[in-house]
Amino acid sequence: MHEILRTLPAGALILDLGCALGSFAETATLAAVVRMDREAPRDLADFGRFAQADAARLPFRDRTFDAVIANHSLEHFDNLGCVLREIRRVTHPNGALFVAVPDATTLTDRLYRWLARGGGHVNSFTSAWKTASAIEEATGFRHVATKVLCSSLSFLNRGNSLRLLPRRLLLFGGGYEWSLFFYAWLFRRLDRYLNTRMSVYGWAFYFGRIQGPIDTETWVNVCIRCGSASPASLLIRRELVRRTLVGVHIFRCPDCGADNPFADDVWAADWLRREMMRRTSGDPTLPRN
Ligand SMILES: [Zn+2]
C-alpha cells in the first residue's frame, strides 16, 4: 500500500476502511487520513480523525477521498456488494484503491478460521483473478497490479493471540515462538522443493491511478512476532541475516527484532504468475517454468 501512501501529496485525503487500530502509520504519508471502523477504539483522543460507521453506508459525500485503503477488511463485511459500491461513490474517479484479502483456500486462513471460530471472516476469496475482476467491476477502478502475500502464522503467537482457544492452540506448539519458527522454516522448504503454497496467505490488489512503480515481488520472509514482511535483498543489505552453528540462516526482524528463519525469495519469483493462472486451470499447483 506504501506505493499509494508515499505518492499522495499534502492536501489529499485517504480513507482507512475497516482499519481497527489503523492499517499504517500517519507518518507514512503526507496526505490526511480518516480512519473508519464499526467499533471505535478505546482512546479516540490518540487516534486522529476517526469515523465510527457501517462500511455499507459511509457517512461521506461523493468523491471525498483520493484513495481508499482496505487492508484485510473486505473479508469481514457482511454486505460486500454495498461496501464496494460505497467505495466507488466516495472515491474520486482519478483516485486509487488498495485491497488486501486472505485466500480462503490456504492453510493459514483455514487455520485462522478454525482456531478463532470464524474470526469474523464472513467472505471467502478463492481466486486472485476472480477477486480482482469482481472488485474492478463493482468499483469501476481498473486493476493495475497484484502482489502475493505470505504468512508466518504470527496470529498464533501467544503475544498476539489472546482470543484464541488455548487447547486448540496446543496442537500448533502452543503459540510459542520456537514452534512458529519451525513452521515458517518448514513451510518455505516445502514450497520451494515440493511446489506447495504453505506460506501463502492471500493477495494485495492495486486499482486506479497510482503514481510510480508498484513492487509485485513475493516477500517470503515474514516475521513470526509482528507479521511484517521484508524482501530478502533488503535483509542481506542491512546485515540482518546470519548463519547459525547448525547451518540454519536467521534474520532479525527490522521492525521488532525477533529472530526468524531466513529464506531466499528468488525461487518465489513465479508465484504471482501461478496465482493469476489459477483462474484458467483451477489448479493451485501449476508446474514451474
Ligand atoms: Zn517483527
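Residues numbered from 1 in each chain as written. Predicted model: local features only at pLDDT ≥ 70, side-chain atom pairs only at ≥ 80, totals over all residues. Heavy atoms only, no water.

*Asks:* Quick rundown of the nonpolar core? Include the residues and the values.
*Replies:* By size, the foremost hydrophobic cluster in this structure holds 42 residues, and its most contacted members are L15, L17, L74 and V99. A total of five residues in this core trace back to one element, the largest contributor, which is helix α2 (residues 80-90). Leave out the neighbours within four places in its chain, and V99 touches A70, L74, I135, W203, A204, F205 and F207. (Core = buried A, V, L, I, M, F, W, Y, C linked by side-chain atoms within 4.5 Å. Buried < 20%, exposed > 50% of the residue type's maximum accessible area, 1.4 Å probe, protein only. Helix = DSSP H or I, 4+ residues; strand = E, 2+ residues; numbered from the N terminus. Contact = heavy atoms within 4.5 Å.)

*Asks:* Provide a residue-level description of the pairing of strand β11 (residues 249-252), including the pertinent values.
*Replies:* As judged from the three bridges shared by strand β10 (residues 241-243) and β11, these two strands associate in the antiparallel manner. Paired with V241 across the bridge in β11 is F251. Following β10, the chain reverses through five residues before pairing antiparallel with β11; G247 in that reversal takes a positive phi of roughly 90°. Pairing analysis gives three bridges linking β11 to strand β12 (residues 259-261), with the strands arranged antiparallel. Across the sheet, F251 pairs through a bridge with N260, a residue of β12. If you look at the hairpin formed by β11 and β12, you'll find six residues sitting between the two strands, and G257 has a positive phi there, around 90°. (Pairing = 2+ DSSP bridges.)

*Asks:* So, the coordination of the zinc ion: which residues are in play, and what are the values?
*Replies:* The expected angle between donors at a tetrahedral four-coordinate metal is 109.5 degrees. At an octahedral six-coordinate metal it is 90 or 180 degrees. The protein atoms donating to the zinc ion are C223 (SG), C226 (SG), C253 (SG) and C256 (SG), with metal-donor distances spanning 2.3 Å. Taken together, the four donor atoms surrounding the zinc ion define angles of 100 to 117° at the centre, an arrangement classified as tetrahedral. Each donor residue of the zinc ion lies on one chain, and together they are spaced C-x2-C-x26-C-x2-C. Here C223 is found in the loop between β8 (221-222) and β9 (229-230), whereas its partner C253 is found in the loop between β11 and β12, with 30 residues between them in sequence. By relative accessible area, which is 4% here, C253 ends up buried. (Donors = N, O, S within 2.8 Å, 3.2 Å for Na, K, Ca; no water. Tetrahedral: all angles 85-135°; square planar, octahedral: opposite > 155°, others 65-115°.)

*Asks:* Outline helix α6 (residues 177-194), supporting the account with residue identities and numerical values.
*Replies:* Compared with the 26 Å implied by 1.5 Å per residue over 18 residues, the 25 Å span of α6 between its first and last C-alpha is a close match. Taken residue by residue, α6 has S179, L180, Y183, A184, F187, R188 and D191 as its buried positions. Each buried residue of α6 sits inside an arc of 165° when the element is viewed along its axis, so together they form one side. Of the residues in α6, the exposed ones pointing more than 90 degrees away from the buried face are W178, Y193 and L194. (Expected span 1.5 Å × (residues − 1). Arc of directions from axis to C-beta.)

*Asks:* Tell me what's going on with the environment of A67, and back it up with residues and numbers.
*Replies:* Mapping A67 onto the fold places it in strand β4 (residues 65-71). Spatially, the C-alpha atom of A67 lies 8.7 Å from that of D16, the residues being 51 residues apart in sequence. For A67, the contacting residues outside a window of four places in its chain are I4, L8, L13, I14, L15 and A96.

*Asks:* Give a description of the sheet that holds β12 that names residues and reports values.
*Replies:* Here three strands make up an open sheet; going across it, the order is β10-β11-β12 and the pairing antiparallel. What marks the edges here is a single partner per strand, and that holds for β10 and β12. Across the sheet, the mean angle from the axis of one strand to that of its neighbour is 35°, orientation sign disregarded. Against the sheet, α6 touches β11 and β12, its axis set at about 30° to β12. (Axes fitted to C-alpha atoms, helices over the stretch in contact; angles between N-to-C directions.)

*Asks:* Could you give an account of the domain arrangement of the protein, naming the residues involved and the relevant values?
*Replies:* Split by domain assignment, the protein resolves into domain 1 (1-151 + 200-220) and domain 2 (155-198 + 221-262). Using only C-alpha atoms to locate each centre, domain 1 and domain 2 end up separated by 25 Å. In total, about 1700 Å² of surface goes out of reach between domain 1 and domain 2, with carbon and sulfur atoms giving 63% of it. Contact with domain 2 buries area across many residues of domain 1, yet L115, W219 and V220 alone supply 37% of it, more than any other trio. (Domains from an automatic or database assignment. Buried area = accessible area lost by both parts, 1.4 Å probe.)

*Asks:* Go over unusual backbone geometry, please, and point to the residues and values.
*Replies:* Positive phi is not limited to glycine here, since R63 has a value of about 55°. Here R63 lies in the loop between β3 (49-52) and β4. Classification of R63 by relative accessible area gives exposed; the value is 53%. For L153, which is not a glycine, the phi torsion comes out positive at approximately 60°. Considering the arrangement of structural elements, one finds L153 in the loop between β6 (143-150) and α5 (166-169).

*Asks:* Give me the lowdown on the pattern of salt bridges, citing residues and values where you can.
*Replies:* Counted according to the given criterion, the structure contains eight salt bridges. Its salt-bridge partner being R197, residue D103 comes within 2.7 Å of it at the nearest N-O pair. Residue D103 is located in the loop between β5 (91-102) and α3 (107-115), and its partner R197 is located in the loop between α6 and β7 (200-208); the two are separated by 94 residues in the primary sequence. For D103, a relative accessible area of 0% puts it in the buried group. Here R197 falls in the buried class, since its relative accessible area comes to 10%. A salt bridge links E177 to R225; its shortest N-O distance comes to 2.7 Å. With E177 in helix α6 and R225 in the loop between β8 and β9, the pair connects residues that are 48 residues apart, well separated along the chain. (Salt bridge = Lys/Arg side-chain N within 4 Å of Asp/Glu carboxyl O.)

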